[in-house]
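Here is what each chain is made of, one letter per residue.
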Amino acid sequence: MEINLTRRENMPAANTIVTPHLIREKLISFNEKIALPGITSRARLECLLNQINDSVKRINRITDIRNTIHNTSCIDPADKDFNPLIAASYYRQQNKIDEAFWLVFLAIHFGEDENGTKWNHVRNVYYGLSNAPYWTWEKVSRDINGFRHWLQINKEVLQNNGKFGNHRKYESLLDEHTGKTIASYISWIGDSHSHQDLVNSMRSQVGENPNILFETLYKSMEAVWRFGRTAKFDYLCMVGKLGLANIEPGHPYLQDSTGPLEGARLLFGNRISDTKVLNTRLWELAMHMDLYFGMQIMEDAVCNWQKSPDNFISFLR
């Protein structure tokens with residue numbers, strides 16, 4: 001079965017209320033139509049339900065950030081509680097779209113270290129270690145060589161004061177990693193250095209459908225160095241959830257994934273080895289669940305579920 005990326009007219013809204021009871025009903029009713037061998041035991045069913053519920057909460061956190069009116073203090077990277085996603089939301093509200101996109105990119109590239117240093121890499125790079133230059137989108141996009149030189153001079157200080165997040169644990173501050181990644185990102189955006197121009201160009205080619213536009217941007221991000229499947233998926237999902245562009249994944253993008261693919265295999269039975277079939281099955285489940293950003297919710301939930309399918313471990317921070 002080929003996945004149809006034609007988006008339904010009445011997709012769930014960002015403020016749709018979803019209860020654990022509804023999640024349970026949806027999962028059980030799907031299991032009555034298409035067998036889910038991975039949740040035949042009560043313990044596994046409960047674990048998966050809890051992981052889906054946690055994933056919904058993650059989406060709701062971003063929705064809350066998007067819908068909150070922020071003040072200027074949130075954009076100060078000198079603040080120990082600086083959060084680039086909140087800052088991105090503020091800049092979107094101020095119609096400073098490029099700065100919002102840039103902060104989302106930095107957040108995904110460096111990730112959030114959940115073991116103590118939080119967003120330190122994003123803060124320190126964006127803030128220029130509290131010294132000039134302040135690496136805004138306008139400055140870095142027009143002086144990438146200056147940025148790469150600054151990065152190499154300061155990489156040891158940066159390394160001693162921050163860590164990459166779990167999804168980016170194989171990255172480093174070396175120029176051939178971070179420097180080249182950011183340079184390729186700037187090239188991907190294009191000569192105008194306008195994120196909106198890039199989105200508009202893609203939209204003129206494929207139309208307004210949020211799923212197809214997501215797919216088109218996802219494929220085009222092959223141009224961004226060391227931005228693999230997870231980074232592309234997470235970046236574009238965050239762009240959509242924060243309202244920077246009207247995009248949403250139309251399927252769970254299991255191809256080239258690790259944890260999500262293992263989770264899908266466990267859920268639908270290890271006898272299914274074809275990734276395309278598993279991608280379709282998880283798409284069907286996500287459609288049945290009828291959740292806002294349901295494809296990311298299911299991708300995230302099965303990934304975390306397969307780590308401990310019998311005993312629930314919350315990864316919600």
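Look a little higher up for the structure.
Scope of this entry: the structure provided in the associated data block. (Residues numbered from 1 in each chain as written. Predicted model: local features only at pLDDT ≥ 70, side-chain atom pairs only at ≥ 80, totals over all residues. Heavy atoms only, no water.)

A look at helix 9 (residues 195–206)
Between the first and last C-alpha of helix 9 there are 17 Å, a value that for 12 residues agrees with the 16 Å anticipated at 1.5 Å per step. Inspection of helix 9 places His195, Leu198, Val199, Met202 and Arg203 among the buried residues, and these make up the whole buried set. When helix 9 is viewed along its axis, its buried side chains cluster within an angular range of 135° and face the same direction. Turned more than 90 degrees off the buried face of helix 9, the exposed positions are Ser204 and Gln205. On the buried face of helix 9, the contacting elements are helix 4 (97–110), helix 6 (137–142), helix 8 (175–189), helix 10 (210–220) and helix 11 (229–241). For helix 9, the N-terminal cap is Ser194; the gap from its side-chain oxygen to the backbone nitrogen of Gln196 is 3.4 Å. Positive backbone phi, at 95°, marks Gly207, one or two positions downstream of helix 9. (Helix = DSSP H or I, 4+ residues; strand = E, 2+ residues; numbered from the N terminus. Expected span 1.5 Å × (residues − 1). Buried < 20%, exposed > 50% of the residue type's maximum accessible area, 1.4 Å probe, protein only. Arc of directions from axis to C-beta. Contact = heavy atoms within 4.5 Å. Polar contact = N/O pair within 3.5 Å; in protein donor to acceptor, adjacent residues only side chain to side chain.)

A word on the pattern of salt bridges
Applying the stated criterion across every chain, the model contains 15 salt bridges. Among the ionic pairs, Lys80 bridges to Asp81, the shortest N-O distance being 3.3 Å. In this pair, the class of Lys80 matches that of Asp81, namely exposed. Between Arg265 and Glu262 there is a salt bridge, with the nearest N and O atoms lying 2.8 Å from each other. Here Arg265 and its partner Glu262 are both found in helix 12 (residues 259–268), three residues apart, which amounts to about one turn of the helix. You can call Glu262 partly exposed: its relative accessible area is 38%. (Salt bridge = Lys/Arg side-chain N within 4 Å of Asp/Glu carboxyl O.)

Structural notes on the side chain of Glu99
By secondary structure assignment, the location of Glu99 is in helix 4. The buried charged residue Glu99 lacks any salt bridge partner; its closest oppositely charged side chain belongs to Lys96, at an N-O distance of 8.6 Å. Residue contacts for Glu99: discarding those within four places in its chain leaves Tyr91, Tyr126, Thr136, Trp137 and Glu138. (Lys, Arg positive; Asp, Glu negative; His and termini not counted.)

Description of the nonpolar core
Residues Ile52, Tyr185, Tyr235 and Phe268 are the most contacted members of the largest nonpolar core, which totals 99 residues. Here the element with the most residues in this core is helix 4; it accounts for 11 residues. When sequence neighbours within four positions are dropped, the list of residues in contact with Tyr235 reads Phe101, Val104, Phe105, Ile108, Tyr185, Trp188, His195, Met221 and Phe227. (Core = buried A, V, L, I, M, F, W, Y, C linked by side-chain atoms within 4.5 Å.)

Description of the packing of aromatic side chains
Applying the stated criterion across every chain yields a total of 24 aromatic pairs. Taking 6.1 Å as the distance between ring centres and 15° as the angle between the ring planes, the aromatic pair formed by Trp102 and Phe105 counts as stacked. Here Phe105 and Trp102 lie together in helix 4, a separation of three residues that amounts to about one turn. For Phe105, a relative accessible area of 0% puts it in the buried group. The structure contains a cluster of three or more aromatic residues connected by ring pairs, namely Trp102, Phe105, Trp137, Tyr185, Trp188, Phe227 and Tyr235. (Phe/Tyr/Trp six-rings, centres within 6.5 Å; stacked < 30°, edge-to-face > 60°.)

Re the packing of helix 7 (residues 144–159) against helix 8
Two elements in contact, helix 7 and helix 8, have axes separated by 10 Å at closest approach and are oriented at 160°. Taken together, the axis directions place helix 7 and helix 8 in an arrangement best described as roughly antiparallel. Crossing handedness for the pair helix 7 and helix 8: right-handed. Here Ile144, Phe147, Arg148, Leu151 and Gln152 of helix 7 lie close against helix 8, whose contacting residues are Asp175, Thr178, Gly179, Lys180, Ile182, Ala183 and Ile186. Its residues assigned to classes, the contact of helix 7 with helix 8 comprises six nonpolar, three polar and three charged. (Axes fitted to C-alpha atoms, helices over the stretch in contact; angles between N-to-C directions. Parallel < 35°, antiparallel > 145°, perpendicular 65-115°, else oblique. Left-handed = near helix turned anticlockwise from the far one by under 90°. Nonpolar A, V, L, I, M, F, W, Y, C, P; charged D, E, K, R; others polar.)

Here we look at the side chain of Arg123
Mapped onto the elements of the fold, Arg123 is located in helix 5 (residues 120–127). A polar contact of 2.3 Å, which involves the side chain of Arg123, links it to the side chain of Asn120. Setting aside its immediate chain neighbours within four residues, Arg123 contacts Pro77, Asp79, Lys80, Asp81 and Phe82.

What to know about the environment of Asn246
Inspection of the secondary structure assignment puts Asn246 in the loop between helix 11 and helix 12. Its relative accessible area of 49% is what places Asn246 among the partly exposed residues. Taking the C-alpha atoms as reference points, Asn246 and Glu208, 38 residues apart in sequence, are found 8.2 Å from one another. Setting aside anything within four residues of it in sequence, one finds Asn246 in contact with Pro210 and Leu213.

Re unusual backbone geometry
With a phi angle near 55°, Tyr253 is a residue other than glycine that sits in the positive phi range. Tracing the backbone through its elements, the reader meets Tyr253 in the loop between helix 11 and helix 12. A positive phi angle is found at Asp256, which is not glycine, with a value near 70°. Within the fold, Asp256 resides in the loop between helix 11 and helix 12. A relative accessible area of 64% means that Asp256 is categorised as exposed.

What about the layout of surface pockets?
Counted as a void, the largest pocket has a volume near 1,800 Å³. Forming the boundary of the largest pocket are 49 residues, of which Arg58, Glu114, His167, Asp234 and Asp300 lie nearest the centre. Those elements that provide at least two residues to the lining of the largest pocket are helix 2 (42–67), helix 4, helix 11, helix 12 and helix 14 (294–305). Residue classes in the lining of the largest pocket are distributed as 16 nonpolar, 15 polar and 18 charged. A volume near 440 Å³ is recorded for the second largest pocket. Lining the second largest pocket are 20 residues; nearest its centre among them are Glu215, His251, Tyr253, Gln255 and Asn279. Where the lining of the second largest pocket is concerned, the elements lending two or more residues are helix 10, helix 11 and helix 13 (275–289). Residue composition of the lining of the second largest pocket, by class: six nonpolar, six polar and eight charged. (1 Å grid on protein atoms, 1.4 Å probe; cavity = no way out; pocket = protein on both sides within 12 Å on 5 of 7 lines; lining within 4 Å. Points joined across faces, edges and corners; volume = space filled by probe spheres on them.)

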